[in-house]
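Geometric and topological summary
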Amino acid sequence: MTAGNIVFLFILIVAVGFFSLNVQRLVSYLQIGHPDARTGHPFTRLRNVFEIGIAQKKIFRDPVAGPMHALIFWGFMVLTAGTLEILIAGVYPAFSFEALLPKTIYTVYSASQDMFAVVVLAAVSFALYRRMVLHPRRLDGDDLEHTDALIILSMIAGLMITLLLSNAFMLAAFPQAMGPEKVVSHQLGSAFAHMMDPRTALARYHIFWWAHALLILAFLNYLPYSKHLHVITSLINVYFSNTSGPGVKGAMRSMDLEADVESFGASDVEQLSWKNLLDGYSCTECGRCTAACPANITGKLLSPRKIVINTRQRLMEKAPVMTGDRMDFMRPALSHGVESYEAATSDEVLGHRLLDSYITEEELWACTSCRACVVECPVSIDQLDIINEMRRNLVLTESRFPAELQPVFESLERNGSPWAFSAADRAGWTEGLDIPTMAQMRERGEKPDILFWVGCMGSFDDRAKKITVAFAHILRACGINFAILGQEEACHGDPARRMGNEYLYQILAKNTIETLDRYEVTTIVTHCPHCFHQMGNELPQFGGNYEVIHHSTYIERLLQDARVPLRSAEGQKLTVAYHDSCYLGRYNDVYDAPRQAMKRALPVIELIEAPRTKDRGLCCGAGGGRMFMEENTGKRINAERTEELLATGAAALAVACPFCMTMLTDGVKANGSEVPVYDISEIVAGQLQA
Ligand code: SF4
Ligand code: SF4
């Protein structure tokens, strides 16, 4: 061992030790969060790590930045092996994987190091150009974030340059030292060999080797203080993301209302779960979520990216105080409005909180719960979970919510509906249709095959009632043995839950389960995606387990089985632009059934897709309780969405949700257009034989 090796060993121990302390510190910060069981479904989690983490599936949703980032990521994975070899050789110079690996594998490994160094250098150069020259809007951030990104990108570029140069000078000094598979290093090495003698080349090799090795260790220790902490945490975050399967992934967490706690929901970081906090560590600040957010797109204050960054900033501010940590000397720089380290350790920190100091009420109430942010996030962050927990705190602990919600909560409590209609009027739409109720069927000693859950919109809203009638006609025409609950149906509480009123929600949800179980219901069909999601994916949290089918899927199955008596569809081609409901699509992955149902029933239909469609579809603006709130800031979301759909030139718009129906119908009217909006059941019912 030379003196140089001993010095390097010392530096290595200090660097790895400091990094380990930082990892410990960051883990201790996560521990201030609430417990959240995330160990189930290990195989699904591993598959997600492979698909989303390693194969970078979601990264490729952006055709420009996606390949660039994926190349940097894969390059890093490949180069990690070389890094290990370099660090070990720094202590024990004779070490090389060449002695451990079969020749062919070593040759491939060796070539990959050279090739990926060039690939990463090219990708990083493009990233720097993009950030400094192109300035994409979604990367907008404060100066600190921008500088941090430039530091990291420069460090990565420096790592690649020093790696290539140290290899090249090594070759110039000892031409026999490396195989020809390191093509770029060989080219450079040959050039250097003509320019200098071997001793000079060797001296330069040592300079670049040290520069490279020290840069690796500096990079490693900068990460815990940087937004690029995601380099370490993103795969872990993907593993622990909410993965249980379609639908359940969008289910809101249940809440123990009997718990002996001073406040419900979250107003500060220690009231969030450790996973919400890990989300903060994992954010790459790429802005994909905000670029897809309907609230942000239309000029509201809400930015899901900011929600996650604020969570991390507040964690970095408060956790050191809570854990008594003195290592976080970067904290003032990362904190919000805190001028100095001393100030950051004072009452000032405890005087702040995540709610109000970082994230305002206005931001939280702007969310439509559309899940576009969650679907877009390349590292599986759940921004919506943080918003939901903070809304719960606003409503349950602080009684702070938009004034328009007060009558909604009252009506849900009194009438079992968000609107002040009497339960006695629920089945008003059945007049003249002779639709049996569950109670009537029970009296007759009969049991229906399915319960048609009509929903509050379908029961009381004049336009939505037409959808209800159309679907009932289809069921009738197909000879389905079905019944409704009539005045025994009441809201299951989904709007209350989305608006943060978990207390009211749980009462309504449990009442619904009680009613359904009383009639021994097993299969439910509904035309409302919100009812479909709530009853299928969230009632199981309280023991309500039913097969719940959205009418689009049910109709599609009936059509597939040739059970729908259709008249022949002749005539002119009808162009239709279908709008995806968030709770049907992004929450439950139902994209094809509504489209297929329309096409099967009316083959002359030509479906036109809007630019933002399927899992990238833009929300109508009604979800998350926004249906009941004023929309005074920016452009109306329904106007934005309707304009986009009308711009396709379609002769009609189609929906599969009564809430979307209202929003788009209003949007069409506001646009001065006469393009009709149909529910898919109306299109199918229109084709029924007389
Ligand atoms: S759920 Fe939708 S509206 Fe809410 S923050 Fe995410 S993208 Fe924005
Ligand atoms: S939350 Fe996800 S999508 Fe949003 S900025 Fe962070 S990494 Fe990007």
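Please read all numbers here as calculations on a predicted model, not as lab measurements. Throughout this description, residue numbers start from 1 for each chain and increase along the sequence as written. Starting at A for chains and at 1 for ligands, labels are handed out in the order in which the entities are written. Note on the predicted model: pLDDT of at least 70 is required for a residue's local features to be given, and 80 or more for side-chain atom pairs to be given and counted; whole-chain, interface and lining totals, by contrast, use all residues. Side-chain metrics in this entry use all non-hydrogen atoms of the structure; hydrogen atoms and water are not considered.

This part covers the overall build of the chain. Strands are runs of DSSP state E lasting at least two residues, helices are runs of H or I lasting at least four, and both sets are numbered from the N terminus onward. Along the backbone of the chain there are 31 helices and eight strands. Oriented by its inertia axes, the alpha-carbon framework of the chain measures out at about 100 × 65 × 50 Å. A 1.4 Å probe rolled over the protein chains alone gives each residue an accessible area, and that area as a share of the maximum for its type sets the label: buried under 20%, exposed over 50%, partly exposed in between. Among the 690 residues that make up the chain, the fraction classed as buried is 58%. Within the chain, contacts between residues at least 6 apart in sequence are counted, and of these 78% link residues at least 24 apart. Working rule for contacts: check all heavy atoms of both residues, and any pair within 4.5 Å makes them a contact.

Here we come to the packing of helix α1 (residues 3–30) against helix α7 (residues 198–222). Whenever a helix is involved, its axis is fitted only over the stretch in contact; in every case the axis is a line through C-alpha atoms, and angles between N-to-C directions fall within 0 to 180 degrees. Relative to each other, α1 and α7 sit at 15°, their axes nearing to 9 Å. With respect to α7, the element α1 is oriented roughly parallel. When you trace α1 past α7, the crossing you get is left-handed. Residue-level contacts link G4, V7, F8, I11, L12, A15, F18 and F19 of α1 to W209, W210, A213, L214, L217, L220 and N221 of α7. In this classification, the charged set is Asp, Glu, Lys and Arg, the nonpolar set is Ala, Val, Leu, Ile, Met, Phe, Trp, Tyr, Cys and Pro, and all remaining amino acids, among them Gly, are polar. Looking at side-chain class alone, the contact of α1 with α7 contains 13 nonpolar, two polar and no charged residues. Oblique is the label for any angle not under 35 degrees, not over 145, and not in the 65 to 115 range, which are roughly parallel, roughly antiparallel and roughly perpendicular in turn. We call a crossing left-handed when the near helix sits turned anticlockwise from the far one by less than a right angle, and right-handed when that turn is clockwise.

Here we take up the site of ligand 2. Proximity is defined per residue: any heavy atom of the residue falling within 4 Å of a molecule or strand makes that residue near it. As a matter of local geometry, ligand 2 sits amid 13 residues, with C283, C286, G287, C289 and C377 nearest to it. Across the shell around ligand 2, the residue classes break down as seven nonpolar, three polar and three charged.

Two quantities define a packed helix pair, namely the angle between the axes and the distance from one axis to the other. One way to put it is that helix α12 (residues 304–323) packs onto helix α19 (residues 383–397) with a least axis distance of 9 Å and a crossing angle of 75°. Taken together, the axes of α12 and α19 lie roughly perpendicular to each other. Of α19, the residues touching α12 (which contributes P304, I307, V308 and T311) are Q383, I386 and I387. Within the contact of α12 with α19, the residues separate by chemical class into five nonpolar, two polar and no charged.

Only buried Ala, Val, Leu, Ile, Met, Phe, Trp, Tyr and Cys residues count toward a nonpolar core, and they belong to the same one when joined by side-chain atoms within 4.5 Å. In terms of nonpolar packing, the biggest core is built from 139 residues, with Y281, F452, L516, I524 and Y554 touching the most fellow members. Take this core: its biggest share by element is seven residues, from helix α23 (residues 462–477). Apart from residues lying up to four places away in sequence, L516 is in contact with L451, W453, L485, V521, I524, M535, L539 and Y546. In this structure, A117, L153, I156 and L223 belong to the second largest nonpolar core, which totals 45 residues.

As a further point, take the pattern of salt bridges. The term salt bridge refers to a side-chain nitrogen of Lys or Arg lying within 4 Å of a carboxyl oxygen of Asp or Glu. Applying the stated criterion to the full structure yields 41 salt bridges. Between E51 and K57 there is a salt bridge whose closest N-O contact spans 3.5 Å. The class for E51 is partly exposed, based on a relative accessible area of 26%. Between D615 and R61 there is a salt bridge, with its nearest N and O atoms 2.8 Å apart. Residue D615 is located in the loop between β6 (605–608) and α29 (637–646), and its partner R61 is located in the loop between α2 (42–54) and α3 (65–91); the two are separated by 554 residues in the primary sequence. By relative accessible area, which is 26% here, D615 ends up partly exposed. Connected through shared salt-bridge partners, E389, R392, D494, R497, R498, E502 and E538 make up one network.

Pairing between strands is defined by DSSP: at least two bridges between them are needed. Pairing is parallel across the open sheet formed by four strands, whose spatial order is β2-β1-β3-β4. Across the chains shown, the open sheet's two edge strands, defined by having one partner strand only, are β2 (482–483) and β4 (547–550). Bridging between strand β1 (residues 450–453) and strand β3 (residues 523–526) involves three bridges; their strand directions are parallel. Bridge assignment links F452 to a residue of β3, and that residue is V525. Each of β1, β2 and β3 is contacted by α23, which is oriented at about 165° to β1, the strand it contacts most.

It is worth spelling out the confidence of the model for the chain at this point. Confidence scores labelled pLDDT are given residue by residue by the predictor and lie between 0 and 100. For the chain, the mean per-residue pLDDT works out to 92, and 96% of the residues sit at or above 70. In this model residues 332–339 is a low-confidence stretch, pLDDT under 50, and it forms 20 contacts with partners more than four residues away in sequence or in other chains.

This brings us to unusual backbone geometry. Positive phi values are uncommon outside glycine, yet D356 reaches one of about 80°. With respect to the helices, strands and loops of the structure, D356 is situated in helix α16 (residues 354–358). Non-glycine residue K614 carries a positive phi angle of around 50°.

Glancing now at the domain arrangement of the chain. What the domain assignment lists for the chain is domain 1 (3–29 + 43–239), domain 2 (257–397), domain 3 (412–560) and domain 4 (574–685). The contact between domain 2 and domain 3 buries some 670 Å² in all, and 59% of this surface belongs to carbon and sulfur atoms. Summed over both partners, the accessible surface that disappears when two parts come together, traced with a 1.4 Å probe, is what is meant by buried area. For domain 2, the biggest contributors to the area lost against domain 3 are L257, R392 and L396; these three give 61% of the whole. Taken together, the links from domain 2 to domain 3 amount to one salt bridge. As a salt-bridge pair, E502 and R392 come within 2.9 Å of each other at their nearest N and O atoms. For this analysis, a polar contact is any N or O atom pair within 3.5 Å, provided that within protein one partner can donate a hydrogen and the other can accept it, and provided that sequence-adjacent residues contribute only side-chain to side-chain pairs. At the surface where domain 2 touches domain 3, the tally comes to two residue pairs in polar contact (both at pLDDT 80 or more). Tallying contributions element by element places α19 first for the side of domain 2 that touches domain 3, with four residues. For the side of domain 2 that touches domain 3, the per-class residue count stands at four nonpolar, one polar and two charged. Bear in mind that the domain bounds are from an automatic or database domain assignment.

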